[in-house]
There are 2 protein chains.
Amino acid sequence: MASSSDPHIVIVGAGFGGLEAARHLASARVRITVIDQRNHHLFQPLLYQVGTASLATSEIAWPIRYLLRRHSNVTTLLGRVIGVDTGNKTVVVEDEKPVPFDTLILATGARHAYFGHDEWEPYAPGLKTLEDATKIRRRILSAFEQAEWATNEAERARLLTFVIIGAGPTGVELAGTIAELAHDTLRGDFRNFDTRKARVILIEAGPRILSGFTEDLSDYAQRALTRLGVEIRLGHAVSRCSEEGVELGGEFLPASTIIWAAGVAASPAAEWLHAPADRAGRVMVMPDLTVPGHPDIFVIGDAAHVESTDGKLVPGVAPAAKQEGQYVARAIQARLRGEKFGENFVYKNAGNLATIGKRAAIVDFGWIQLKGRLAWWIWGIAHIFFLIGLRNRLAVAMNWLWIYVRGQRSARLITQGAAKKGAAS
Amino acid sequence: MASSSDPHIVIVGAGFGGLEAARHLASARVRITVIDQRNHHLFQPLLYQVGTASLATSEIAWPIRYLLRRHSNVTTLLGRVIGVDTGNKTVVVEDEKPVPFDTLILATGARHAYFGHDEWEPYAPGLKTLEDATKIRRRILSAFEQAEWATNEAERARLLTFVIIGAGPTGVELAGTIAELAHDTLRGDFRNFDTRKARVILIEAGPRILSGFTEDLSDYAQRALTRLGVEIRLGHAVSRCSEEGVELGGEFLPASTIIWAAGVAASPAAEWLHAPADRAGRVMVMPDLTVPGHPDIFVIGDAAHVESTDGKLVPGVAPAAKQEGQYVARAIQARLRGEKFGENFVYKNAGNLATIGKRAAIVDFGWIQLKGRLAWWIWGIAHIFFLIGLRNRLAVAMNWLWIYVRGQRSARLITQGAAKKGAAS
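If you're wondering where the values come from, they're calculated on a predicted model, not measured in any experiment.

Definitions and cut-offs
- Residues numbered from 1 in each chain as written.
- Chains lettered and ligands numbered in written order.
- Predicted model: local features only at pLDDT ≥ 70, side-chain atom pairs only at ≥ 80, totals over all residues.
- Heavy atoms only, no water.
- UniProt positions renumbered as here; feature names shortened; annotations may be inferred.
- Helix = DSSP H or I, 4+ residues; strand = E, 2+ residues; numbered from the N terminus.
- Polar contact = N/O pair within 3.5 Å; in protein donor to acceptor, adjacent residues only side chain to side chain.
- Contact = heavy atoms within 4.5 Å.
- Buried area = accessible area lost by both parts, 1.4 Å probe.
- Salt bridge = Lys/Arg side-chain N within 4 Å of Asp/Glu carboxyl O.
- Nonpolar A, V, L, I, M, F, W, Y, C, P; charged D, E, K, R; others polar.
- Pairing = 2+ DSSP bridges.
- Domains from an automatic or database assignment.
- Least-squares fit on C-alpha atoms with pLDDT ≥ 70 in both.
- Buried < 20%, exposed > 50% of the residue type's maximum accessible area, 1.4 Å probe, protein only.
- Phe/Tyr/Trp six-rings, centres within 6.5 Å; stacked < 30°, edge-to-face > 60°.

The sites that UniProt annotates as "transmembrane region" (unreviewed entry) are residues 374–390 of chain A. As a span, residues 374–390 of chain A carries 82% helix and 0% strand, and end to end its C-alpha atoms are 24 Å apart.

The subject of this paragraph is the side chain of asparagine 399 of chain B. Along the chain, asparagine 399 of chain B falls in helix α11 (residues 390–406). Within polar-contact distance, the side chain of asparagine 399 of chain B engages the side chain of glutamate 59 of chain B at 2.7 Å. Filtering out sequence-adjacent residues up to four positions away, asparagine 399 of chain B remains in contact with Arg391 of chain A together with Ser54, Leu55, Glu59 and Ser410 of chain B.

A word on the interface of chain B and chain A. Listed as interface residues are 58 residues of chain B and, on the opposing side, 58 residues of chain A. The contact between chain B and chain A buries some 5,400 Å² in all, and 56% of this surface belongs to carbon and sulfur atoms. Per-residue buried area on chain B facing chain A is highest for Arg65, Trp149 and Arg391 of chain B; these three make up 17% of the total on that side. Remark: the boundary between chain B and chain A carries four salt bridges. Elements with a minimum of two residues in the side of chain B that touches chain A: β4 (61–63), α3 (64–67), β5 (74–78), α4 (130–149) and α11 of chain B. In terms of residue count, α11 of chain B provides more of the side of chain B that touches chain A than any other element does, eight residues in total. Of the residues contributing to the side of chain B that touches chain A, the split by class is 23 nonpolar, 19 polar and 16 charged.

Before going further, it helps to examine the UniProt feature "domain: FAD/NAD(P)-binding" (unreviewed entry) in chain A. Here the UniProt-annotated "domain: FAD/NAD(P)-binding" (unreviewed entry) positions come out as residues 8–325 of chain A. A helix fraction of 28% and a strand fraction of 27% characterise residues 8–325 of chain A, whose end C-alpha atoms lie 17 Å from each other.

Sheet strands associate in pairs through backbone hydrogen bonding, adopting either a parallel or an antiparallel arrangement. Residues and elements named next belong to chain B. Spatially, the three strands line up as an open sheet ordered β6-β7-β8, and their pairing is antiparallel. Whereas interior strands pair on both sides, the edge strands pair on one side only; in this sheet they are β6 (81–85) and β8 (99–100). In the sheet, β6 pairs with strand β7 (residues 90–93) via four bridges, with the strands oriented antiparallel. The residue bridging valine 84 from the neighbouring strand is valine 91, located in β7.

Residues and elements named next belong to chain A. Domain parsing of chain A yields domain 1 (8–113 + 264–337) and domain 2 (118–262). One C-alpha centre belongs to domain 1, the other to domain 2, and the line joining them spans 32 Å. For the pair domain 1 and domain 2, the two sides together bury roughly 1,800 Å², of which 63% comes from carbon and sulfur. Among the residues domain 1 hides against domain 2, the three largest losses belong to Tyr48, Thr52 and His112. Together they make up 32% of the total. Counting the contacts that link domain 1 with domain 2 gives two salt bridges. Glutamate 131 serves as the salt-bridge partner of arginine 38, at 2.7 Å between the closest nitrogen and oxygen. For the pair domain 1 and domain 2, the number of links is six residue pairs in polar contact (both at pLDDT 80 or more).

In the superposition of chain B on chain A (RMSD 0.0 Å, axial shift 0.0 Å), the rotation amounts to 180°. The symmetry that links the two subunits is that of a two-fold axis. In this assembly, 100% of the residues forming the interface of chain B have copies in chain A that are likewise at the interface, indicating an isologous arrangement.

Turning our eyes to something else, we now look at unusual backbone geometry. Located in the positive-phi region is leucine 289 of chain A, a residue other than glycine, with phi close to 70°. Relative to the elements of secondary structure, leucine 289 of chain A occurs in the loop between β19 (283–284) and β20 (290–291). A residue is classified by how much of its surface remains accessible, and leucine 289 of chain A, at 0% relative accessible area, is buried. Within the chain, aspartate 95 of chain B stands out as a residue other than glycine whose phi angle is a positive 65°. Looking at the element boundaries, aspartate 95 of chain B is found in the loop between β7 and β8.

Counted by the stated rule, this structure contains 28 aromatic pairs over all chains. Ring centres 5.0 Å apart and planes at 40° place the aromatic pair phenylalanine 190 of chain B and phenylalanine 193 of chain B in the tilted group. Residues phenylalanine 190 of chain B and phenylalanine 193 of chain B agree in their burial class; the two are buried. A connected cluster of aromatic rings, assembled from ring pairs, spans Tyr114, Phe115, Trp120 and Trp260 of chain A.

Quick look at the structure:
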């Protein structure tokens, strides 16, 4: 049991990094408080499957306090952190009393960013939270529903055009799954049009899709996406998003559903701390992940700008955040034992995966690259393995089986109001 | 295949009654259009389990057009019907063109009613839709989350008091499940209080709970609920609901979570038709379920006031709605064949079931009454049987197994924003 004289460690954010830090610190003689603005930890890598009606929200989310229930020295609090008082060493929480800390770990993540065009957000929602995912699911399904009513072919074509902006893993996975939804799952459910006429357009400003992978894998992914019916537009940035569609390279594409998968901005941790940040708002941390001038404050995960030993930016992926959480837990425990902890954080690349529809994927482990069916199986097994709990593993496996064998997706629900014509809801 | 000269039957509402009518008419030489304001058919009898974090939304809801996909003469439309033009024989749909009909079946259901106190709705939400269920789930879980922050014992006690108004099957099922949530599922997840201190209070204006059952079964249910820790207040109607709590019989009960399970009002079908209605707004239909003066318009399910051969009101339950849907389908097919269909609708009571927590239930088949574990097994098996599709049956059975064996509920998610202090969201 922890006593009230034990050092108090506050962790803000229970994503991959914060949760890993809490679990690795829980065995020490410390009191830990985890604060998150959501009551659930989210398995972000499968969030696009909630957005495309393949999985239910509860299959990729777990109550944070449930995950930490066995650690009696860990208190979980649901609250929105809005600042850090570095002088008094307290965390400022909306509508609640400040929470004092001895050591602070900020693992507050990132949101999508519109590169100075926040006015596009209502027309082109991004995908970071469960609410984002149910909103995107509602828009996609509502577009098909409205197309069943349409009396004008141009309007129907606009309703059946889905534009995804940004061809990183999320954009590619969304495009592939929407194409399968249109060509396979929904086929036969409508009377007034053929769902296979739906257009899925993936827009990327750079010269190729999945630029984080080798050219060979990226070429393969492009061919696999094209085979699924996805149109790929490379080398043009979107210059306008509206209710009517998107504009790129002087061309206007009428589209009722636009999804933003192009950029992220870190949470405002840097502003709270008045700390130096990179262009995406990530805190420029020291090699030991502390904030310059604040040795008791760590920033990890997507909120931090961390450089590998080769000088490259550590990517904003789950394994990196977990490694940082573990590293910080070790560093704090060493300090508590009065030891010197000279070791800097070193990122180990565990491999890079992306999937394209239900039979293709690419995997890059560094020492080997794989593509096709084998890669797809590795992708699927790895994701089920990293889910938490037997029940969710079974539930996700069962859903995938149904999609694979019968083409049916279980979560085709429009909730929180069907999208109205012309309403950006 | 249907041809455009075939008679056009419009069905408004794809609940139990509307869906059953559509399926039984689909084999005839008719064109059918099903219009619903939701894209999904909902298995209402288990909705309280979504409200109490036991089941996921997608496990009790199916896309309507998916359920009707094999019938090429059935068109499904997502739209909000706002009126009926009986002169022109069209259905008026919000934001869409009117839909003409030869025969109309209104199966528009009911909403909860506050007996002239609609101002209570923000404080005491009812349970009819998936959104209602996720709202109630959010309120229940948020109350526990806020109690973890509370510094004042009176405030914590208010946060941990859950009031359910109305002790019909839904009220009883909610009260039993919330008690289990507090005493079992959530136990051990909080650090600043014991979740078993939560109070669950079931308020009923009548002299006993579950008044639709025999006195013996109702007594048993009352004892079972009391054993689960539910406090039952009989013989007092609530005289006020507010953010702070409820008032009954001169007493004020501070409570942060109030759920309304006390009354229903039919959808406005009677207003659309200018037809006679009972006090709850149900259309007073003829013995053949048509509207007086409108032989081509049928009203079924919770929207209709139907009397049994013994003069009693047919209850607002799924089996009654299904029987009415089948009857109307037969009546319409007989008319189409030019036959006289003299038969009136006769309700066959298939039995009455209610469950109290995870080990007790009551079942009344008329010829036999059962209570306890056996009744609970019958209740569980019957509900799984009536779910649609193997996948959902497996998913629900798996969730129940987890609840039964491990006390864990899978859908403990607060979505669409955590409830703010004092906010009726």
